[in-house]
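Per-entry structural report
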Amino acid sequence: MAAITAAMVGELRAKTDAPMMECKKALTEADGDMARAEEILRVKLGSKASKAASRVTAEGVVASYIAGGVGALIEVNCETDFVSKNDDFLKFTADIAKLVVEKNPADVAALSALPLDGKTVEEIRSELIGRIGENMSIRRFQRFETAAKLTSYLHGVRIGVMVEFDGADEQVGKDVAMHIAAMKPVALSSDQVPAELIAKERSVASLKAAESGKPADIVEKMVEGSVQKFLKEVSLFNQTFVKNDKQTVEQMLKASNASVKSFTMYVVGEGIEKKQDDFAAEVAAQVAAAKKG
C-alpha cells in the first residue's frame, strides 16, 4: 500500500477542487496513482450530481453582463440560500452571463454545451454539484443586442433588471431599472400586458362585482373599471415614478427626452414551487414504519 502524503492530497485537490477527505479516499483507493484517483473522483462527483438532479432549485442568483451594445441577464438556481453566497457558484454565474453576451447561445441547452475554461458549461455545473453537494440549474437568460443603450440594476442577487433605452442622461436608464425592480411591471404599456393576465384579472373582478348585487350594467362597468386600474398598475409607462410621485414613468421619460424600448426583470425562484418539509409528518411516518416492522 502506497503512503498517501499531504502533498499528494493537495495536488489532487488542486486538480479537481474536490473536498480534502474525498481526495484522500480516492488516492487510497487508487493506491497512490494520481491519474486513477482523479478518475475515481470524477465518477464519485458525477454520482453525487446525479443524485442531486431531482431536488428542487428555488434559491439562487441573478447576474448581468454588458459589453457595448450587448447585454445579458441570467438566473441560476440552487437549493439553499447558503449556496447562493458560495464564491464558486457566484463565479460560475458571472462567467456564463459573459458567455451569453460573447457567444449568443440559442437557449439553455446551447449555453450548457459551450466551452468554458477547457470544459463545457455542463461539465463545470456537474462538478460544482459534486463538490458542493447541492443541485444547481441554469434556469433562463435574456440577451440584448441593440444600437441603443443598456443598463442593469441588481437588488442584491435576488432581483435583476436590464433596460434598453435612449436618452442623453445615463441616470434615467438606471432610475427606470431601479423603478422596475421596486414596482415590478409586466409590460411597457397597457396594450402589451399578456392576454392571460388580463383574463385572470377580469375573472376575479367579475366574481367580486357579482357579489355586490348591483344591476348587470353596473356590474359590467365595475369589472371594466377594475381591469383598467389593473392595466395601469402593471404597465411601466402608466406607473407612478418611484422617485417623484407627481409623475408617471412616461411623463418622466418625456421630460428627460428619453425613451425605453424594452426591459427584462428576473426574480429568483419566481414561479418555482418550493418543497415544504413537514417535519412532524416525517417523524410520524418513520414511527409508523418502525411499528409496522
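The preceding data block contains the structure.
**Description of the overall build of the protein chain**
Scanning the protein chain for helices and strands turns up eleven helices and eight strands. Taking all 293 residues of the protein chain together, 39% fall into the buried category. Residue pairs in contact within the protein chain that sit at least 24 positions apart in sequence constitute 61% of those at least 6 positions apart. Summing over all exposed atoms, the protein chain offers an accessible surface of approximately 16300 Å²; the carbon and sulfur share of this is 54%.

**Remarks on the pattern of salt bridges**
A full pass over the atoms with the stated rule returns 16 salt bridges. For Asp166, the salt bridge goes to Lys261, with nearest N and O atoms at 3.4 Å. Here Asp166, found in strand S7 (residues 159-166), pairs with Lys261, found in strand S8 (residues 259-267); they are 95 residues apart in sequence, far enough to count as distant. Taking relative accessible area as the criterion, Asp166 reaches 31% and is therefore assigned partly exposed. Close ionic contact of Asp175 with Lys243 constitutes a salt bridge, the shortest N to O distance being 3.2 Å. Of this pair, Asp175 sits in helix H7 (residues 170-183) while Lys243 sits in the loop between helix H9 (216-234) and helix H10 (249-255), placing them 68 residues apart in sequence. Lys243 sits in the exposed class, given a relative accessible area of 56%. In the salt-bridge network here, residues are joined through shared partners; they are Glu75, Arg139 and Arg140.

**Quick word on the packing of helix H4 (residues 87-103) against helix H6 (residues 121-132)**
Interhelical geometry of H4 versus H6 gives an angle of 170° and a closest axis separation of 11 Å. One element, H4, and the other, H6, form an angle in the roughly antiparallel class. Two secondary-structure elements touch here, H4 through Asp88, Phe92, Ile96 and Leu99 and H6 through Val121, Ile124, Arg125, Leu128 and Arg131. In terms of residue class, the contact of H4 with H6 is made up of six nonpolar, no polar and three charged.

**Concerning the sheet that holds S8**
Strand order in the open sheet made by the three strands is S6-S7-S8, with antiparallel pairing throughout. Strand pairing shows two members of the sheet lacking a second neighbour, strand S6 (149-155) and S8, which therefore form its edges. Strand-to-strand twist in this sheet, taken as the mean axis angle between neighbours without regard to direction, amounts to 15°. By the bridge criterion, eight bridges tie S7 to S8 in an arrangement that is antiparallel. Bridging across to S8, Phe165 finds its partner in Val260. Contacting S6, S7 and S8, H7 runs over the sheet at an angle of about 140° to S7.

**Points about the side chain of Ser84**
Turning to its location among the elements, Ser84 is positioned in the loop between strand S2 (70-78) and H4. Only 2.5 Å separates the side chain of Ser84 from the backbone oxygen of Asp81, close enough to count as a polar contact.

**Examining H6**
Spanning twelve residues, H6 covers 16 Å between terminal C-alpha atoms, matching the ideal 16 Å at 1.5 Å per step. Considered for burial, the residues of H6 that qualify are Val121, Ile124, Arg125, Glu127, Leu128, Ile129, Gly130 and Arg131. Positioned one or two residues after H6, Gly133 has a phi angle of 85°, which is positive.

**A few points about the nonpolar core**
Counting 25 residues, the largest nonpolar core has Ile74, Phe92, Ile96, Leu111 and Val121 as the members making the most contacts within it. Those elements that place two or more of their residues in this core are strand S1 (59-67), S2, H4, H6 and strand S5 (136-145). Sorting elements by how many residues they give to this core places H4 first, with seven residues. Setting aside its immediate chain neighbours within four residues, Phe92 contacts Val76, Val121, Ile124, Arg125, Leu128 and Ile138. Membership of the second largest hydrophobic core comes to 21 residues, among which are Phe237, Leu253, Phe263 and Val267.

**Quick look at helix H2 (residues 20-29)**
Every buried residue belonging to H2 is among Glu22, Cys23, Ala26 and Leu27, and all of these are buried. The buried residues of H2 all sit within an arc of 135° when viewed along its axis, so they share a single face. Exposed positions of H2 whose direction lies more than 90 degrees from the buried face are Met21 and Glu29. Following H2 by one or two positions, Asp31 adopts a phi angle in the positive range, close to 55°.

Reading the values: the criteria
- Residues numbered from 1 in each chain as written.
- Predicted model: local features only at pLDDT ≥ 70, side-chain atom pairs only at ≥ 80, totals over all residues.
- Heavy atoms only, no water.
- Helix = DSSP H or I, 4+ residues; strand = E, 2+ residues; numbered from the N terminus.
- Buried < 20%, exposed > 50% of the residue type's maximum accessible area, 1.4 Å probe, protein only.
- Contact = heavy atoms within 4.5 Å.
- Areas by Shrake-Rupley, 256 points an atom, 1.4 Å probe, with all protein chains shown as cover.
- Salt bridge = Lys/Arg side-chain N within 4 Å of Asp/Glu carboxyl O.
- Axes fitted to C-alpha atoms, helices over the stretch in contact; angles between N-to-C directions.
- Parallel < 35°, antiparallel > 145°, perpendicular 65-115°, else oblique.
- Nonpolar A, V, L, I, M, F, W, Y, C, P; charged D, E, K, R; others polar.
- Pairing = 2+ DSSP bridges.
- Polar contact = N/O pair within 3.5 Å; in protein donor to acceptor, adjacent residues only side chain to side chain.
- Expected span 1.5 Å × (residues − 1).
- Core = buried A, V, L, I, M, F, W, Y, C linked by side-chain atoms within 4.5 Å.
- Arc of directions from axis to C-beta.

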